[in-house]
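# Notes for the structure review
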Amino acid sequence: MADAAVQEKKPATTAPEAERELTDGFHLIIDALKLNGIKTIYGVPGIPITDFGRMAQAAGIRVISFRHEQNAGNAAAIAGYLTQKPGICLTVSAPGFLNGLVALANATTNCFPMILISGSSEREVVDLQQGDYEEMDQLAIAKPLCKAAFRVLHAADIGIGLARAIRAAVSGRPGGVYLDLPAKLFGQVMDAEAGQKSLVKVIDAAPAQIPAPAAVKRALDVLKSAKRPLIILGKGAAYAQADDQIRAFVEKSGVPFLPMSMAKGLLPDTHPQCAGAARSTVLKDADVVMMIGARLNWLLSHGKGKNWGEPHSKKFIQVDIEPKEMDSNVEIVAPVVGDIGSCVSALLEGMGAKWPVAPADWTGAVSKKREENVAKMAPRLMNNASPMDYHGALGALRTIVMERPDAILVNEGANALDLTRGVIDMYQPRKRLDVGTWGVMGIGMGYAIGAAIETGKPVLAIEGDSAFGFSGMEVETICRYKLPVCVVIFNNDGIYRGTDVNRGGGSDPAPTVFVKGSRYDKMMEAFGGVGVNATSPDELKRAVNEAMDSGKPTLINAVLDPAAGSESGRIGNLNPQSALKKK
Ligand code: ADP
Ligand code: TZD
Ligand code: MG
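Given the structure is predicted, the values throughout are model-derived calculations rather than measurements.

### Digging into the coordination of the magnesium ion (ligand 3)
At this site the magnesium ion (ligand 3) is bound by Asp-465 (OD), Asn-492 (OD1) and Gly-494 (O), with donor distances of 2.0 to 2.1 Å. Between consecutive donors of the magnesium ion (ligand 3), the numbers of intervening residues give the motif D-x26-N-x1-G. By relative accessible area, Asn-492 is classed as buried at 1%.

In structure tokens form, the structure reads like this:
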């Protein structure tokens, strides 16, 4: 039973109502969010949260209203990644909730802190399955898809409910949290003073987790024993905002480092120790590999197989906040469990004088390989062909990012993703935001909007034409909030390429192709933004420079050769093959 101070309709005390100050669920939720420093809500309005959005805006919270909940959820997730505070997504019941749930599950998979707050219909009706408006047992459905899920039934529990949600989202391995708020809660009335007292300001939401000294020593001993050491930096390392310590550790060790996609720029890709352009060589040849905030999942071929050279030829060290991550795919000989800031500081302290240890023949071989690969790519990036190929277009964009290292790059697609990742160097931490652990399409506009709102920096979104379609309607949102977002669509008329034909010979197009010669730029013009159709790298460069300088919402339809691009980009090997397929 709730606190005695809570009433659903009438105050139960005998004091005349006029003499008592009252509050209600609406105001308590807003007060609880503000008390915890939450400044922005991303969502879509409707029953039962329409008035809540209005009141939150009136109370000084920024309310960013989207066209689809998945995009609002993605904006909240990336806000969490960029700020280490849970991003808030607010949705209506059942279908709105389900739309947001994809983003919540994606945030959890990527270890981004966010809270999906959803209105829901009445428990009594839901539990008896009596068919309420947008009825659904949302809590039960959310539970297996996120890190934690809570429901608040009484106004007096709002403070505790939000506190639990915040802690669950950001402490330990960050992730997505679901908070279920039934419609009745919003209007529940209680004594204002008791209400204020019930609120909780979360102290030290993500406490430091200090690694054991023995684990630190073990890791350093293994690293020191290496002949061909490698450090892999993952997006957990970027999330941790321990940029200076990580850089100091990598530089003092002298060990080549490989950034995972979203860790690009944590140290600049142009850093002399960066092995990004020698990826296959270092993965194959290294004898000791230290992962910092990176998992040995499919993105690293699970730490085994032909990409990793001889079986059992390596020792792995792993630095991670999640103890269960250790030995997930291969044996970890030196697990260091703790938060990355504390772990890397402890590693730095424990190093002593005899560093760097990386032998010069190894670092020399890595540098040589990297220079060869960079030189091989250079001429392809300078081609000015029209229609463009990926390299021609990326050659132009690469310079623009070099000249604006603090701009944020959002990136999704298949070829549009893999080739952009390979070609465009990043220079600062947390500037590259992409499809992440799932390789999911649809993060584009949500991430672009979240990043623009949270950082105030210009955003360049490089999007495959298919990828863009998943969140494309949010260009209206970009125009409505006048965000400095420049979207470049790599338009090759389809998924992977635009040349596939119907193998049954019928008149339907092949499943992977779209309308030929589409003009996505006109979508932006429909909402008052700038639209440009660019047919050559020079035109593309001019248009992007103009957009980045003006900060005006811009969409550039970059016309690519429909034959440019390969099946599934760089991961075609993951496609199952039919044994019966004709050669
Ligand atoms: P990538 O895709 O870049 O390889 P992953 O998402 O696979 O990165 O891995 C990120 C890892 O970072 C997760 O295992 C997560 O537990 C860990 N992590 C996230 N934040 C921290 C932190 N502050 N301290 C330590 N580890 C963290
Ligand atoms: N749906 C979701 C949610 N995520 C996915 N990853 C996919 C479908 C499958 N998929 C990919 O993995 S990439 C991609 C899809 C549909 C689009 C590739 O086409 P594109 O990029 O136009 O975005 P390129 O440049 O043509 O390769
Ligand atoms: Mg395409």
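### Points about the site of ligand 1
Ligand 1 sits among 20 residues. The nearest are Arg-173, Lys-235, Arg-295, Asp-320 and Ile-340. Contact distances for ligand 1 include 2.5 Å between an oxygen atom and a side-chain N or O atom of Asp-320. In this structure, a nitrogen atom belonging to ligand 1 sits 2.9 Å away from a main-chain N or O atom of Ile-340. By residue number, the principal contributor to the shell around ligand 1 is helix H11 (residues 235–239), which donates 3 residues. Here the residues of the shell around ligand 1 are counted per class, giving 8 nonpolar, 6 polar and 6 charged. When residues are assigned to domains, the shell around ligand 1 turns out to be shared by domain 1 (15–198) and domain 2 (213–367), each giving three or more.

### Notes on the site of ligand 2
What surrounds ligand 2 is a group of 17 residues, the closest being Tyr-390, Asn-415, Gly-439, Asp-465 and Ala-467. The side chain of Tyr-390 places a nitrogen or oxygen atom 2.6 Å from an oxygen atom of ligand 2. Within the contact set of ligand 2, an oxygen atom lies 3.0 Å away from a backbone nitrogen or oxygen of Gly-494. Relative to its unbound accessible area of 590 Å², ligand 2 is 76% covered by the protein chains. It is helix H19 (residues 465–469) that contributes the most residues to the shell around ligand 2, 3 residues altogether. Class assignment of the residues belonging to the shell around ligand 2 gives a composition of 9 nonpolar, 7 polar and 1 charged.

### Here we look at the pattern of salt bridges
Applying the stated rule across the entire model yields 26 salt bridges. Where Lys-324 meets Glu-322, a salt bridge forms, and the shortest distance between an N and an O atom there is 3.5 Å. In this structure Lys-324 comes out as exposed when scored by relative accessible area, which is 69%.

Thresholds, definitions, all that
Residues numbered from 1 in each chain as written. Chains lettered and ligands numbered in written order. Predicted model: local features only at pLDDT ≥ 70, side-chain atom pairs only at ≥ 80, totals over all residues. Heavy atoms only, no water. Donors = N, O, S within 2.8 Å, 3.2 Å for Na, K, Ca; no water. Buried < 20%, exposed > 50% of the residue type's maximum accessible area, 1.4 Å probe, protein only. Near = heavy atom within 4 Å. Polar contact = N/O pair within 3.5 Å; in protein donor to acceptor, adjacent residues only side chain to side chain. Helix = DSSP H or I, 4+ residues; strand = E, 2+ residues; numbered from the N terminus. Nonpolar A, V, L, I, M, F, W, Y, C, P; charged D, E, K, R; others polar. Domains from an automatic or database assignment. Areas by Shrake-Rupley, 256 points an atom, 1.4 Å probe, with all protein chains shown as cover. Salt bridge = Lys/Arg side-chain N within 4 Å of Asp/Glu carboxyl O.

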